[in-house]
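Below are the chains, spelled out letter by letter.
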There are 2 protein chains.
Amino acid sequence: MNEKTRQRRSAFDREAGVAIAQALFHERGYDAVSLADLTAAMDINPPSFYAAYGSKAALFERAMLRYAHENSLPLDELLAPDRPPAEAISALLLAAAKQYGRDSILRGCMITEGMRANDQAARQMAENLAHGGIQAIRAYLDEVHPQDAQALADYIAVTLRGLSASACNGMSSKRLMEVAQAAGRFIARELEASESTAAS
Amino acid sequence: MNEKTRQRRSAFDREAGVAIAQALFHERGYDAVSLADLTAAMDINPPSFYAAYGSKAALFERAMLRYAHENSLPLDELLAPDRPPAEAISALLLAAAKQYGRDSILRGCMITEGMRANDQAARQMAENLAHGGIQAIRAYLDEVHPQDAQALADYIAVTLRGLSASACNGMSSKRLMEVAQAAGRFIARELEASESTAAS
DNA sequence: CGATTTATATAGTGGTCACTAAATAAACTG
DNA sequence: CAGTTTATTTAGTGACCACTATATAAATCG
């Protein structure tokens, strides 16, 4: 009975699939999201997945790029050259803390946390993307505070990583923001101190 | 031919097995170490593993406890009540940075990084252990700086997490220590500031 | 409309995962 | 030395992993 008549849907929306993958990867991390999870969430079969994206890692990269385009901190605005550096850096840290703790499911920074994936290819992609962000901060500091741009950039990078990881383990938005504000205040004091040192 | 004569070795050293597991879990993280990795490193078969440890997660807990016993920061000494708090906290951060970057293979804090495991049971065990450390710092701050012990404890916790994660992604010991020293300096200034505020 | 291309559907692949049943050798106990 | 316990051995388990060979339906295009 019921001989053949195999049916077929039209092509699925591949950009929508990237958005779905972005949410899953952000929520659970690269390794904890399986192909079966992805194809189920997109309501497609594995061959459609591979025809569209090539591999799980390639889709992860597209998802991170989409995340960066949609959610990355507006470094250009935050770190505007005409702003007082202390204010700019404080604003950056606070904006990060706000974003990392905003959503109850999508915690922390998807790219920062991607750097701790077990899969080597996925980790490398995240590291490359994160490097760009750190470089932008470093370039800004080279302009506004060249005497110890590296140390400040490292301090900011470590603080951002700590904020992201803490957000992932449930630290509340309020507490994240308080830590960010404290760090911003500390940097402001440090800039003041080295300004007056330089002026003496 | 060669009928039977199955041989058997004596029991393996279970404590040595915990040490081997500790190194593997610290190096790669809980999820990235397989049963096969563990049994191969210990040179035993899976049934010996389960007879000795019960499960992979249970061994992870024993390995973390061993790590804590062997490597955990001597909070009692670092945070001695008769020490100036600013000095004690700076010493704590610097000691952490030193330890996280000391070994080229065993990077960061095994327990802190365990909190990001994909396996729920392993993550919970790490969170419970980490909570103890944070609580010790919090109790110390309640004694020496009760007016904002929570904010300071959060700042320290976030900084420690950032240092650990950064160590895992290759930040050099030198840079980790510079960040820790900067954070310690910032906290010293903050304590000074709030002391003088309180005195006014 | 007919030919070609594209992306779907079914139904798998081999590999690895944590874990175990059954048999038996060593160690322990009387 | 005999009986019991303990921990080893071999040889698997089913579940899940990322990924794919083959067939065919829809979309595209002359």
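Predicted, not measured: the structure shown is a model, and the values here were computed from it. (Residues numbered from 1 in each chain as written. Chains lettered and ligands numbered in written order. Predicted model: local features only at pLDDT ≥ 70, side-chain atom pairs only at ≥ 80, totals over all residues. Heavy atoms only, no water.)

Draft legend 1. Just the nonpolar core, in detail. One finds Phe-25, Tyr-155 and Ile-156 of chain A together with Phe-25, Tyr-155 and Ile-156 of chain B to be the most contacted residues of the largest nonpolar core, which totals 125 residues. In contact with Phe-25 of chain B, not counting residues within four places along its chain, are Tyr-30, Val-33, Leu-38, Lys-56, Leu-59, Phe-60, Ala-63 and Met-110 of chain B. (Core = buried A, V, L, I, M, F, W, Y, C linked by side-chain atoms within 4.5 Å. Buried < 20%, exposed > 50% of the residue type's maximum accessible area, 1.4 Å probe, protein only. Contact = heavy atoms within 4.5 Å.)

Draft legend 2. Broad picture of the interface of chain B and chain A. Listed by partner, the interface residues are 30 residues for chain B and 30 residues for chain A. For the pairing of chain B and chain A, the buried interface totals around 2700 Å² over both sides, and the portion due to carbon and sulfur atoms is 54%. Joining chain B to chain A, the criterion identifies 8 salt bridges. Here Asp-154 of chain A and Arg-175 of chain B are joined by a salt bridge, their closest N and O atoms 2.7 Å apart. Where chain B meets chain A, there are 17 residue pairs in polar contact (both at pLDDT 80 or more). Those elements that place two or more of their residues in the side of chain B that touches chain A are α9 (149–168) and α10 (173–199) of chain B. No other element matches α9 of chain B, which puts 11 residues into the side of chain B that touches chain A. Split into classes, the residues belonging to the side of chain B that touches chain A amount to 13 nonpolar, 6 polar and 11 charged. (Buried area = accessible area lost by both parts, 1.4 Å probe. Salt bridge = Lys/Arg side-chain N within 4 Å of Asp/Glu carboxyl O. Polar contact = N/O pair within 3.5 Å; in protein donor to acceptor, adjacent residues only side chain to side chain. Helix = DSSP H or I, 4+ residues; strand = E, 2+ residues; numbered from the N terminus. Nonpolar A, V, L, I, M, F, W, Y, C, P; charged D, E, K, R; others polar.)

Draft legend 3. The protein's contact with DNA strand C, seen in detail. The local shell around DNA strand C holds 23 residues, among which Arg-6 and Asn-45 of chain A together with Arg-6, Arg-8 and Leu-35 of chain B are the closest. Counting only atoms of DNA strand C within 4 Å of the protein, the sugar-phosphate share comes to 70%. At a separation of 2.8 Å, a sugar or linking oxygen of DNA strand C approaches a polar side-chain atom of Arg-6 of chain B. Within the contact set of DNA strand C, a base nitrogen lies 2.4 Å away from a side-chain nitrogen or oxygen of Arg-8 of chain B. Per element, the largest residue contribution to the surface near DNA strand C is 3 residues, and it comes from helix α3 (residues 46–53) of chain B. In terms of residue class, the surface near DNA strand C is built from 8 nonpolar, 8 polar and 7 charged. (Near = heavy atom within 4 Å.)

Draft legend 4. A look at the protein's contact with DNA strand D. Around DNA strand D, a shell composed of 23 residues is seen, among which Arg-6, Arg-8 and Leu-35 of chain A together with Arg-6 and Asn-45 of chain B lie nearest. Sugar and phosphate atoms form 68% of the subset of DNA strand D atoms that lie within 4 Å of the protein. In this structure, a phosphate oxygen belonging to DNA strand D sits 2.8 Å away from a side-chain N or O atom of Tyr-50 of chain A. Here Lys-56 of chain A contributes a side-chain N or O atom positioned 3.0 Å from a phosphate oxygen of DNA strand D. For the surface near DNA strand D, the elements supplying multiple residues, two or more each, are α3 (46–53) of chain A together with α3 of chain B. Tallying contributions element by element places α3 of chain A first for the surface near DNA strand D, with 3 residues. Residue composition of the surface near DNA strand D, grouped by class: 8 nonpolar, 8 polar and 7 charged.

Draft legend 5. The pattern of salt bridges, seen in detail. All names here are of chain A. A complete count under the given rule lists 22 salt bridges over all chains for this structure. For Arg-62, the salt bridge goes to Glu-15, with nearest N and O atoms at 2.7 Å. You can see Arg-62 sitting in helix α4 (residues 56–71) and its partner Glu-15 sitting in helix α1 (residues 14–28), a full 47 residues away along the chain. The exposure class assigned to Glu-15 is partly exposed, which follows from its relative accessible area of 48%.

Draft legend 6. Representation of the domain arrangement of chain A. All names here are of chain A. By domain assignment, chain A separates into domain 1 (14–67) and domain 2 (72–199). Inter-centroid distance (C-alpha atoms) of domain 1 to domain 2 is 27 Å. Each partner contributes residues to the interface: domain 1 has 15 residues there, and domain 2 has 17 residues. For the pair domain 1 and domain 2, the two sides together bury roughly 1400 Å², of which 73% comes from carbon and sulfur. Three residues, His-26, Met-64 and Tyr-67, lead the burial of domain 1 against domain 2; their summed loss comes to 48% of the area buried on that side. Counting across the interface, domain 1 meets domain 2 through 0 salt bridges. Linking domain 1 to domain 2 there are 6 residue pairs in polar contact (both at pLDDT 80 or more). When contributions to the side of domain 1 that touches domain 2 are tallied by element, the ones reaching two or more residues are α1 and α4. Of all the elements, α4 adds the most residues to the side of domain 1 that touches domain 2, at 8 residues. A class-by-class count of the residues in the side of domain 1 that touches domain 2 yields 10 nonpolar, 2 polar and 3 charged. (Domains from an automatic or database assignment.)

Draft legend 7. The arrangement of the side chain of His-145 of chain A in detail. Residues and elements named next belong to chain A. With respect to the secondary-structure elements, His-145 resides in the loop between α8 (120–144) and α9 (149–168). Residue classification places His-145 among the buried positions, given a relative accessible area of 2%. A polar contact of 3.0 Å, which involves the side chain of His-145, links it to the side chain of Ser-194. Residues in contact with His-145, not counting those within four places in the same chain, are Leu-152, Leu-191, Ser-194 and Glu-195.

Draft legend 8. Just the packing of α1 of chain A against α3 of chain A, in detail. Residues and elements named next belong to chain A. The geometry of α1 relative to α3 is characterised by a closest axis approach of 11 Å and an angle of 100° between their N-to-C directions. In this view, α1 runs roughly perpendicular relative to α3, as classed from their interaxial angle. Facing α1, whose interface residues are Arg-14, Gly-17 and Val-18, α3 presents Ala-51, Ala-52 and Tyr-53. Grouping the amino acids of the contact of α1 with α3 by side-chain chemistry returns 4 nonpolar, 1 polar and 1 charged. (Axes fitted to C-alpha atoms, helices over the stretch in contact; angles between N-to-C directions. Parallel < 35°, antiparallel > 145°, perpendicular 65-115°, else oblique.)

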